[in-house]
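Examining the three-dimensional arrangement
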Amino acid sequence: MNSVSASAGSASARQGDKPMSRYAEFYRRSVDEPEGFWSEQARLIDWKTPPQLILDASRPPFARWFVGGTTNLCHNAVDRHLASRGEQRALIFVSTETGVEKSYSFKELHAEVQRVAASLMELGVGKGDRVLIYMPMIPEAAFAMLACARIGAIHCVVFGGFASGSLASRIEDATPKVIVSADAGSRGNKILAYKPLLDEAIRLSSHKPDAVLLFDRELAPMELSEGRDHLASVLLEKHRDAEVPCTWLDATDISYTIYTSGTTGKPKGVQRDTGGYAVALAASMQHIFDGRAGETYFSTSDIGWVVGHSYIVYGPLIAGMATIMYEGLPTQGIDQQPDGGIWWRLVEKYKVTVMFSAPTAVRVLKKQDPALLKKYDLSSLRALFLAGEPLDEPTGRWISEGLGVPIIDNYWQTESGWPILTVANGVERTPSKFGSPGVPMYGFKVKILHESTGEELAGPDEKGVVVIEGPTPPGFMQTVWRDDERFVNTYWKSVPGKLVYSTFDWGIRDADGYFYILGRTDDVINVAGHRLGTREIEESISGHANVAEVAVVGVADALKGQVALAFVVAKDGAAVADEQAALQLEGEIMKRVSDDLGALARPARVRFVTALPKTRSGKLLRRAIQAVCEQRDPGDLTTIDDPSTLQQIKNLF
Ligand code: ATP
Ligand code: MG
């Protein structure tokens, strides 16, 4: 394994002859003395009333943080900065879809949020009411989230552009009083009208919202439903000068719900608190992201995902940073012409210090001219964080060499709200290792357990299920929305005899305490009695020079139990254009896996496709691929990005 960042300092969390590193001591305190540790972290945010009890863990697996404290997320993200940096940029909006580039200062953001808050209140929204936000990546979406937080309403953001069926099931589950939406989104210059999708979703849902608040971008015509639909422009004008004070909420009051990506099945409604979340984000901005007030943060995610909640909206703003909201593909300029360097142009222009993206986006950029990485002055950038899926070594190496800054892989889940495994460079400069997201973050007691006996696997390189021992730290999900039983049964009862949170990911830890994620627990292949993680096979295949992307699934086999099938997107499509060439590349790939992992792991077949089935958040849908290969029904496909990719695989069988 090689170091991604050549930084000094020891990452070893081992005790022994060496003195404990600064991070090891920081971590030790977080888990051994959680009350003391987190009461210090709690000082990073403003409280109306300070917490009385730091942690109530009397009813495991539920953890209640900062009991008795009152605070407000919007106050901490916006109002708190007015005195010290009111005129500074808070939100920078860049749309390469509509050619708009616009900044809002903290003062302007404060005014915008209050207008939306007053409009929501006029529509009857109050504390504890749900507001479903179905919006494209425009500033008004962030205003709406912050407005909800301001008045104590629970927001539930649904990824813009989800089809009616997916939206309907979320409306049904969240039972919103009001839905906030827009006429349309746009992707690759293709306008997607939201209003007809929303109307259909409301028709399908047995729950009906009282009102719909609609932002008109004038991209698509909207038919308004009398008495239910309200144009935001009208209400906002009426409340131009609104002053809406923050509603002080209990730390344990719900701030929002959000659904998981649906990679492995039916999405789960993750519920999050207020005070714990604010503290967790403030702490992570300092210790993990090392972002400072007055600087600019650029996350390329979407507000429909947890990364967008934590690190487009709340995290950077709580830290007093400007945050970039980006609508568009990474390959188009503000003049709407192709430009594979647009993100780097933004880094230069806004002096971005911290950037956050996903391996899937880097793989897209990898197909662009590498000179684009050298064209701009990227000297402001301190690090690029990547999360959401495994970062394969070739991709990590390519971007690391291109940018010349540390690439920081970080592993987490919608459920956790912030990174579980990474390195905390804000506490101590720590080297990263390719292929590993890093070490457990403070507050997370991460263990590897034998999946059927539940026994802890403490030795290096022993494969097992990655679990978290309670109490879970601040910011972690409180429960499944309206379903405590599902929370306990789904997450905490999967390991026999132990009440531990299962990540449903498979992993190992090396002798230095670095974890490696080997795939989802349901992605493990059993070939003739040998258990193999699909991730390991994918990692080996992706090292081939002509492989752009790969998915490996285990498919039922009468003889061996299961065999591995690999679906590959070739970098050079011409190389697999005829059967002869495809056979040759298949042979090379098989040999590579045999050499790296042994003959058992060698895929039974390698098939070439032009694109792989992914969720809208860019995650591989292995479960769907596997189902199709076994001629089964692929199940819930509501979050698939492009159904034709699955059809391509179906056609191979
Ligand atoms: P669902 O739970 O509905 O099936 P999902 O698990 O894809 O969907 P998310 O919460 O968005 O929904 O994704 C979390 C998962 O993504 C992790 O459990 C892990 O499998 C994967 N993941 C996230 N970050 C990393 C990373 N840095 N390295 C490897 N895997 C990662
Ligand atoms: Mg999951």
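Provided above is the structure to which this section pertains.
Since the model is a prediction, treat every value here as computed from it, not as a measurement. (Residues numbered from 1 in each chain as written. Chains lettered and ligands numbered in written order. Predicted model: local features only at pLDDT ≥ 70, side-chain atom pairs only at ≥ 80, totals over all residues. Heavy atoms only, no water.)

1. Overview of the overall build of the protein chain
Tallying secondary structure elements over the protein chain gives 19 helices and 32 strands in all. Relative to the 2.2 N^0.38 estimate, which gives 26 Å for 653 residues, the radius of gyration of the protein chain is 24 Å and therefore close to what a compact globule would have. C-alpha extents for the protein chain along the principal axes are approximately 70 × 60 × 50 Å. The burial tally for the protein chain puts 62% of its 653 residues in the buried class. Of the contacts formed within the protein chain by residues at least 6 apart in sequence, a portion of 69% connects residues at least 24 apart. A total of about 24400 Å² of accessible surface is found on the protein chain, and carbon and sulfur atoms cover 50% of it. If you average the places of the 70 positive and of the 81 negative side-chain charges in the protein chain, the two averages end up 1 Å apart. (Helix = DSSP H or I, 4+ residues; strand = E, 2+ residues; numbered from the N terminus. Rg over C-alpha atoms; globule rule 2.2 N^0.38 Å. Buried < 20%, exposed > 50% of the residue type's maximum accessible area, 1.4 Å probe, protein only. Contact = heavy atoms within 4.5 Å. Areas by Shrake-Rupley, 256 points an atom, 1.4 Å probe, with all protein chains shown as cover. Lys, Arg positive; Asp, Glu negative; His and termini not counted. Charge placed at Lys NZ, Arg CZ, Asp CG, Glu CD.)

2. Re a negative patch on the surface
A cluster of acidic residues, Glu172, Asp173, Asp483, Asp484 and Glu485, forms a negative patch at the surface. Contributing elements (two or more residues each) for the negative patch: helix H7 (164–174) and helix H15 (484–491). Turning to its location among the elements, glutamate 172 is positioned in helix H7. Relative accessible area serves as the criterion here: at 34%, glutamate 172 is assigned to the partly exposed category. (Patch = residues over 30% accessible without salt bridge, like charges linked within 9 Å, V, L, I, M, F, W, Y side chains within 5 Å. Salt bridge = Lys/Arg side-chain N within 4 Å of Asp/Glu carboxyl O.)

3. What about the site of ligand 1?
Near ligand 1 there are 19 residues, and of these Thr260, Thr263, Thr264, Thr414 and Asp505 occur at the shortest range. Within the side chain of threonine 260, one N or O atom sits 2.6 Å away from an oxygen atom of ligand 1. Between an oxygen atom of ligand 1 and a side-chain N or O atom of serine 261, the distance comes to 2.7 Å. Starting from 640 Å² of accessible surface for ligand 1 in isolation, the protein chains cover 94%. Grouping the constituent residues of the shell around ligand 1 by class yields three nonpolar, nine polar and seven charged. (Near = heavy atom within 4 Å. Polar contact = N/O pair within 3.5 Å; in protein donor to acceptor, adjacent residues only side chain to side chain. Nonpolar A, V, L, I, M, F, W, Y, C, P; charged D, E, K, R; others polar.)

4. Re the pairing of strand E32 (residues 605–608)
Because side chains alternate across E32, one face comprises the buried residues Val606 and Phe608, and the other comprises Arg605 and Arg607, none of which is buried. Sheet analysis places strand E31 (residues 561–570) next to E32, joined by four bridges and oriented parallel. Looking at E32, one finds that valine 568 is bridged to phenylalanine 608. Handedness of the crossover is the feature at issue here: the chain leaves E31, passes through helix H17 (residues 579–597), returns alongside E32, and the resulting connection is right-handed. (Pairing = 2+ DSSP bridges. Right-handed = clockwise from strand over helix to strand, strands pointing away.)

5. Thoughts on the sheet that holds strand E20 (residues 407–410)
Spatial strand order, E5-E4-E17-E16-E18-E19-E20: seven strands in an open sheet with mixed pairing. Taken across any chain shown, the strands that pair with only one partner, and hence form the sheet edges, are strand E5 (100–105) and E20. Each strand of the sheet is rotated relative to its neighbour by a mean of 20 degrees, with strand direction disregarded. Strand contacts of helix H6 (residues 139–151): strand E4 (89–95), E5 and strand E17 (322–327), with the helix running at about 140 degrees to E4, the strand carrying the most contacts. (Axes fitted to C-alpha atoms, helices over the stretch in contact; angles between N-to-C directions.)

6. Brief notes about the sheet that holds strand E12 (residues 229–231)
For sheets, the rule is that strands pair by backbone hydrogen bonds, running either parallel or antiparallel. Pairing is mixed across the open sheet formed by eight strands, whose spatial order is E12-E11-E8-E6-E7-E14-E15-E25. At either margin of the open sheet sits one strand with a lone partner, and together these are E12 and strand E25 (479–480). For strand E6 (residues 130–134) and strand E8 (residues 178–182), the ladder comprises four bridges, and the chain directions are parallel. Pairing of valine 131 across the sheet is with valine 178, part of E8. With respect to the sheet, helix H8 (residues 195–204) is in contact with E6, E8, strand E11 (211–215) and E12, its orientation differing from that of E8 by roughly 155 degrees.

7. Here we look at helix H12 (residues 342–350)
For H12, every residue scored as buried is listed here: Ile342, Trp343, Trp344, Leu346, Val347 and Tyr350. Of the residues trailing H12, lysine 351 is marked for its positive phi of about 50 degrees.

8. Thoughts on the pairing of E11
Counting buried positions over the five residues of E11 gives five, a clear majority of the element. The two faces of E11 match: Ala211, Leu213 and Phe215 on one face and Val212 and Leu214 on the other face are all buried. Bridge count for E8 against E11 is five bridges, and the pairing is parallel. Across the sheet, the residue bridging to isoleucine 179 is valine 212, located in E11. When E11 meets E12, the two strands line up parallel, connected through three bridges.

9. Points about the packing of aromatic side chains
For the structure on display, the rule yields 38 aromatic pairs. Where tyrosine 311 meets phenylalanine 356, the ring centres are 6.0 Å apart and the plane angle is 25 degrees; that geometry is what we call stacked. Here tyrosine 311 is found in helix H11 (residues 306–318), whereas its partner phenylalanine 356 is found in strand E18 (residues 352–357), with 45 residues between them in sequence. Considering the side-chain rings of tryptophan 418 and phenylalanine 444, the 4.9 Å spacing of their centres and the 50 degrees angle between planes classify their relative orientation as tilted. Highlighted residues: tryptophan 418 in the loop between E20 and strand E21 (421–422) and phenylalanine 444 in the loop between strand E22 (439–440) and strand E23 (445–449), separated in sequence by 26 residues. A relative accessible area of 0% means that tryptophan 418 is categorised as buried. Exposure remark for phenylalanine 444: the relative accessible area of 0% places this residue in the buried category. Looking at arginine 170, its charged tip hangs above the ring of tyrosine 259, at a distance of 5.4 Å from the centre. (Phe/Tyr/Trp six-rings, centres within 6.5 Å; stacked < 30°, edge-to-face > 60°. Lys NZ or Arg CZ within 6 Å of the ring centre and 35° of its normal.)

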